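One letter stands for each residue in the lines below.
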Amino acid sequence: MNNAIARTTALLSTCALLLTGCGGGTKTVTNSPTNSPNSTTNNTPTNTTATTGRSSGAIPIGIAVAQTSNVALLGQEQVAGAKLAEKYFNSKGGVNGTPIKLVFQDTSGDEAGAINAFQSLINKDKVIGIVGPTLSQQAFSADPIGDRAKVPIIGPSNTAKNIPEIGDYVARVSAPVSIVAPNSVKAALKQNPQLKKVAVFYAQNDAFSKSETEIFQQTVKDQGLELVTAQKFQTSDTDFQSQATNAINLKPDLVIISGLAADGGNLIRQLRELGYKGLIVGGNGLNTSNILAVCKALCDGVLIAQAYSPEHPGEINAAFRKAYNDEYKKEPPQFSAQAFAAVQVYVEALEALDKKTKVNKLQLPELRTELNKQILVGTYNTPLGEIGFTPIGEVVQKDFYVAQIKMAKDGSQGKFTFLK
């Protein structure tokens, strides 16, 4: 990238046309997943450049994920994946010679946080597109704002039903729960063909969890199993004694949990402490190594369906896996891989668009519109494997997996092991 400025003269002039008047402070999150999610840096306002609101003239891509609240266990993994993508693609020349610059806004864990983050990225930071938000619940509130502004949105972890249908500018790299979730129930049956009774738990205040439990409950019926109870909770709950006891009294062979990492991990721990010894299936909200610190040794054996495997063959996944291992000393999780893939889609779509219609000839509204079109017609070889999109923005992905948590007896460490 030593010659980046020399190679990017044409694109740098873009934003004099695209983004005039966008000078001003932007909040760029500088933390890694191992640091405090509250660590932020405010850029000094500047009126000396009209390119992208930054003196570098880099192409701004918004990252709107949850870095605070109980959802931070997931959002911090997305920050990690996005930052690795920024470093990787800039080392390869960015967008035909122009670097990208990720602009981070914290959505926290609620709808208001996501709405504020989207509005800031669109109106103040003048990004060309947004990766986010973390939760489907947030997407249903924030995505319409981006869609009305005709700003491309790529959901990195929004798997609830009807996310792409929110609008023409909404797509996702996260496969829908209807495709992924049934795989874990089938894996449980493979491990124990004698399963008969199933208890489900779900967070009733979370749109994704409610959508996911519907899929799980239908899968239970489709597999000829008996659903003995459906217990509700809140993602903010920490005490599950009542729901767990009610379920255990019905003697289930399998428990299925749809929630987030903190609440889900605590629920697993309390189920085991109360004597439940059967199999447990966790939904996508529990699909993070951050859960291991919550339920520790009692996480052992939990099954979780996956849309990503670190062992997936391919050059880009090998590079991503190595970069993640070098930085964080562990295997990359699904949420990081999906965030990496979302940034990759923007970079490669911008490259393709620039070859057809020079980006520096487009005003920002037209650039966003043409970029959205390009995203939907492209094919991308990502860490998730080869993906593409349907005309409405639904991801097309072929490869899926199931992992089982394996913990040390003392609970000090653990990992996701992928089933064959």
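Residues numbered from 1 in each chain as written. Predicted model: local features only at pLDDT ≥ 70, side-chain atom pairs only at ≥ 80, totals over all residues. Heavy atoms only, no water.

Draft legend 1. The sheet that holds strand 10 (residues 254-258), seen in detail. The seven strands are arranged 9-8-10-11-12-16-17 in an open sheet whose pairing can be described as mixed. Because the sheet does not close on itself, it has two edges, and the strands there are strand 9 (226-233) and strand 17 (414-418). Adjacent strand axes in the sheet meet at a mean angle of 25° when their direction is disregarded. The sheet contact formed by strand 16 (residues 401-407) and strand 17 spans five bridges and is antiparallel. Directly across from Ala403, in strand 17, lies its bridge partner Phe418. Along the sheet, helix 8 (residues 182-191) contacts strand 10, strand 11 (279-282), strand 12 (303-306) and strand 16; its crossing angle with strand 12, the most-contacted strand, is approximately 135°. (Pairing = 2+ DSSP bridges. Helix = DSSP H or I, 4+ residues; strand = E, 2+ residues; numbered from the N terminus. Axes fitted to C-alpha atoms, helices over the stretch in contact; angles between N-to-C directions. Contact = heavy atoms within 4.5 Å.)

Draft legend 2. Summary view of the environment of Val65. Inspection of the secondary structure assignment puts Val65 in strand 3 (residues 59-65). Overall, the relative accessible area of 1% leaves Val65 in the buried class. Val65 sits 90 residues away from Gly155 along the chain, and the two C-alpha atoms are 9.9 Å apart. Excluding residues within four positions of it along the chain, Val65 makes contact with Gly75, Gln78, Val79, Gln105, Asp106, Thr107, Ser108, Val131 and Thr134. (Buried < 20%, exposed > 50% of the residue type's maximum accessible area, 1.4 Å probe, protein only.)

Draft legend 3. Region of the structure containing helix 9 (residues 207-222). For helix 9, built from 16 residues, the straight-helix expectation of 22 Å at 1.5 Å per residue is met to within 8% by its first-to-last C-alpha distance of 23 Å. Ala207, Phe208, Ser209, Ser211, Glu212, Thr213, Phe216, Gln217, Thr219 and Val220 are the residues of helix 9 that are buried. With its phi angle positive at about 75°, Gly224 sits one or two positions after the end of helix 9. (Expected span 1.5 Å × (residues − 1).)

Draft legend 4. View of the state of the cysteines. Tallied over the full model, the rule gives one disulfide. Disulfide pairing is shown between Cys295 and Cys299; the S-S distance is 1.9 Å. What sets the handedness of the Cys295 and Cys299 disulfide is the S-S torsion sign, and at about 100° it is right-handed. As far as burial versus exposure is concerned, Cys295 and Cys299 are alike and both buried. (Disulfide = S-S within 2.5 Å.)

Draft legend 5. Quick look at the nonpolar core. Ile128, Val343 and Ile375 are the most contacted members of the largest nonpolar core, which has 50 residues in total. Here this core gets 11 residues from one element, more than from any other, and that element is helix 14 (residues 334-356). Not counting the four nearest positions on each side in its chain, Ile375 is found in contact with Pro152, Ile154, Val345, Tyr346, Ala349, Tyr380 and Phe389. Phe201, Ile280, Ile291 and Val302 belong to the second-largest nonpolar core, a separate cluster that totals 25 residues. (Core = buried A, V, L, I, M, F, W, Y, C linked by side-chain atoms within 4.5 Å.)

Draft legend 6. Quick look at the pattern of salt bridges. On inspection of all chains with the given rule, the structure shows six salt bridges. Here Asp326 ties to Lys322 by a salt bridge, and the two come within 2.7 Å at their closest N and O atoms. In this pair, Asp326 and Lys322 both sit in helix 13 (residues 315-328), four residues apart, roughly one turn of the helix. Of the charged contacts, one joins Lys373 and Glu370 as a salt bridge, the two residues approaching to 3.3 Å between their closest N and O atoms. One end of the pair is Lys373 and the other is Glu370, both in helix 15 (residues 364-377) and three residues apart, which spans about a single turn. (Salt bridge = Lys/Arg side-chain N within 4 Å of Asp/Glu carboxyl O.)

Draft legend 7. Focus on unusual backbone geometry. Following Gly132, the chain continues into Pro133 via a peptide bond in cis, with omega recorded as -10°. Looking at the secondary structure, you find Pro133 in the loop between strand 5 (130-131) and helix 6 (136-148). Positive phi is not limited to glycine here, since Asn162 has a value of about 75°. One can find Asn162 in the loop between strand 6 (153-155) and strand 7 (170-172). By relative accessible area, which is 40% here, Asn162 ends up partly exposed.

Draft legend 8. Main features of the environment of Thr288. Following the sequence through the fold, Thr288 ends up in the loop between strand 11 and helix 12 (292-295). Take Thr288: its relative accessible area is 1%, and that puts it in the buried class. Note: C-alpha distance between Thr288 and Gln334 (46 residues apart in sequence) is 7.4 Å.

Draft legend 9. Broad picture of the pairing of strand 12. Side chains of strand 12 alternate between two faces, with Leu303 and Ala305 and Ile304 and Gln306 buried alike. The pairing of strand 11 with strand 12 spans two bridges and is parallel. Bridged to Val281 within strand 12 is Leu303. Where strand 12 meets strand 16, four bridges bridge the pair, whose relative direction is antiparallel. Paired with Gln306 across the strands is Tyr401, a residue of strand 16.

Draft legend 10. Local environment of the packing of aromatic side chains. Applying the stated rule across the entire model yields 10 aromatic pairs. Taken together, a centroid distance of 6.0 Å and an interplanar angle of 50° make the contact between Tyr88 and Phe340 tilted. In this pair, Tyr88 sits in helix 4 (residues 72-91) while Phe340 sits in helix 14, placing the two residues 252 residues apart along the sequence. Residues Tyr308 and Phe320 carry aromatic rings whose centres are separated by 6.1 Å and whose planes lie at 70° to one another, so their mutual orientation is edge-to-face. On the criterion of sequence distance, the pair formed by Tyr308 in the loop between strand 12 and helix 13 and Phe320 in helix 13 is long-range, its members being 12 residues apart. In this pair, the class of Tyr308 matches that of Phe320, namely buried. Taken together, the aromatic side chains of Tyr88, Phe89, Tyr308, Phe320, Tyr324, Tyr328 and Phe340 make up a single cluster linked through ring pairs. Here the basic side chain of Lys83 rests over the ring of Phe104, its NZ or CZ set 5.6 Å away from the ring centre. (Phe/Tyr/Trp six-rings, centres within 6.5 Å; stacked < 30°, edge-to-face > 60°. Lys NZ or Arg CZ within 6 Å of the ring centre and 35° of its normal.)

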